[in-house]
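Summary of the model geometry
Below, each chain spelled out in residue letters.
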Amino acid sequence: MLASFKSIGAYVPEKILSNEDLEKMVDTSDEWIQKRTGIRERRIAEDEITSDMGVKAGEIAISRAGLRKDEIDAVICATISPDYFCMPSTANMISHKLGLNPVTSFDISAACTGFIYALNMAKSFVQSGTFKNVLIIGAEKLSSIVDYEDRTTCILFGDGAGAAVIGRTEMQQEAIIDVHTGADANYSDYLITPGGGSAEPTSLETIKNRRHFMKMQGNATFKVAVKTLTKDVIEILEKNGIDSNEIDHFVPHQANYRIIKAVGDALKMPKEKVALTVGKYGNTSSASIPMAINDLYESGKLKRGELMLLDAFGGGLTWGSALVPFGGE
Ligand code: UT7
């Protein structure tokens, strides 16, 4: 059995938080943010929670796959900003709100690499015959875990969701070619939400010390990201005997324009083949890759059979890459 990337959908909340807005909140400037990250603005969910955004993206992906809702037999949601801490899972909430049958649904936690991890699992489920059509979602309300008093992180992140249906195909040219995933907790403190878990259960002290917010050693993370991603994308191409000029769309995780450029340059990828949404959405963690694929699709640039190279890097530290022909209409 072969697995194919059948469709894409995404949702972004309406409210825009611009660099100029952030200038009024912390000691920063539009110039600094654009120069160091490429970000101009990001979206913020107000009344909506993570599952609401996941539902909207999921609905679009199911309909573009030409499926009825009762044909989806599993939902995997990648998120680090779930509706509820521990349980129920955001995927449970999404499948309930979508009105799906009582299907298998669960979350995975692999930070910004979450969508690639979910893709890997969905591919295996479909190839093994366990499930026929798996809805994978990256959904984040990062504004709920961002410290808007910390200028080193609050300028980076935004909210949004993206979704895809992974289903069966008999056509080799439409099948997902390969997915790589990896992790190394030697760098676990580079990107961490220290408070609220079993390591530091929530207390007045953890809240007072703002331990429930995301913390990042940005510069150290940046260096490991460029090194790891460059190695990983070169490896996945070599392993599958594919030259970088055979890639139609390079769709990297949208954390920082400088990381995207460094990896794209290492692959000698022409600018027009590199998906770039970080300027308008910032870093939306697990949602960033499907949101970027959706942008390509909606602008008419992504056609059936075209080959995408995905890559991502995030807290954990985790990383991953994938070679995925687009199997949708
Ligand atoms: O998605 C998950 C993976 N995440 C990433 O891959 C993110 C990786 N890291 C980055 O994207 C970059 O490291 C940042 C954008 C976070 C930071 O850029 P940088 O070029 O690495 O800056 P830096 O941390 O080395 O800081 C340079 C200076 C510091 O001041 P001093 O010590 O040189 O005086 C910072 O205090 O910039 C200062 N700074 C700021 N200045 C204005 C830090 N944040 C800001 C800010 N506005 N928002």
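Structure's up top.
The sections below set out a description of the structure shown in this document. The model shown is predicted, which means the values in this text are computed figures rather than measured ones.

Attention shifts here to the packing of aromatic side chains. As enumerated under the stated definition, the model contains five aromatic pairs in all. Ring geometry for Phe125 and Phe131: centres 5.0 Å apart, planes at 75 degrees, overall edge-to-face. For Phe125, a relative accessible area of 22% corresponds to the partly exposed category. The class of Phe131 is buried, set by a relative accessible area of 13%. Chaining the aromatic ring pairs together yields one cluster made of Phe5, Tyr297 and Phe326.

Pairing of strand 4 (residues 74-78) with strand 5 (residues 104-108), which is carried by five bridges, proceeds in the parallel orientation. Bridge assignment links Val75 to a residue of strand 5, and that residue is Ser105. Taking the sense of rotation as the criterion, the β-α-β connection linking strand 4, helix 4 (residues 90-98) and strand 5 turns out right-handed.

This part is about the sheet that holds strand 13 (residues 318-325). Pairing within the open sheet is mixed, and its four strands lie in the order 8-13-12-11. Strands with a single pairing partner mark the edges of an open sheet, and in this sheet they are strand 8 (178-183) and strand 11 (249-252). Averaged over all neighbouring strand pairs, the angle between strand axes comes to 10 degrees, with direction disregarded. Its contacts with the sheet put helix 5 (residues 114-128) on strand 8, strand 12 (307-314) and strand 13, and the angle it makes with strand 8 is roughly 130 degrees. Taken strand by strand, helix 11 (residues 288-298) contacts strand 11 and strand 12, and its axis lies near 150 degrees from that of strand 11.

Moving on, we get to helix 11. Burial analysis of helix 11 places eight of its 11 residues in the buried class, which makes it a mostly covered element. Buried within helix 11 are the following residues: Ser288, Ile289, Pro290, Met291, Ala292, Ile293, Asn294 and Leu296. Where helix 11 ends, the next residue or the one after it, Gly300, has phi of about 80 degrees, a positive value.

The next thing to look at is the sheet that holds strand 7 (residues 159-169). Taking strand neighbours across the sheet as the criterion, the five strands line up as 1-7-6-4-5 in an open arrangement whose pairing is mixed. In the strand order of this sheet, the two ends are held by strand 1 (2-11) and strand 5, each with one partner. Across the sheet, the axes of successive neighbouring strands diverge by a mean angle of 20 degrees, strand direction being ignored. Bridge count between strand 1 and strand 7: nine bridges; the pairing is antiparallel. In the strand pairing of strand 7, Ala10 is matched with Gly162. Of the strands in this sheet, strand 4, strand 5 and strand 6 (133-141) touch helix 4, which is tilted by about 140 degrees from strand 5. Taken strand by strand, helix 11 contacts strand 1 and strand 7, and its axis lies near 85 degrees from that of strand 1.

Rules used in this analysis
Positions within a chain are numbered from 1, following the residues in the order the chain's sequence is written. Side-chain atom pairs in this predicted model are given and counted only at pLDDT of 80 or more, local residue features only at pLDDT of at least 70, and totals for whole chains, interfaces and linings cover all residues. The basis for every side-chain value is the complete set of non-hydrogen atoms in the structure, without hydrogens or water. In summary, the pairing rule links any two rings of Phe, Tyr or Trp, Trp by its six-membered ring, whose centres are within 6.5 Å, and it sorts them by plane angle into stacked for under 30 degrees, edge-to-face for over 60 and tilted for everything else. Note on exposure labels: buried denotes an accessible area under 20% of the residue type's maximum, exposed denotes more than 50%, and partly exposed covers the range between, all computed with a 1.4 Å probe on protein chains only. Pairing between strands is defined by DSSP: at least two bridges between the two strands are required. Only DSSP runs of H or I covering at least 4 residues are called helices, and only runs of E covering at least 2 are called strands; the numbering of each starts at the N terminus. Handedness rule for crossovers: strands pointing away from the viewer, path from the first strand over the helix to the second running clockwise, crossover right-handed. Every angle, taken between N-to-C directions, lies between 0 and 180 degrees, and every axis is a line fitted to C-alpha atoms, over only the stretch in contact when it is a helix. Working rule for contacts: check all heavy atoms of both residues, and any pair within 4.5 Å makes them a contact.

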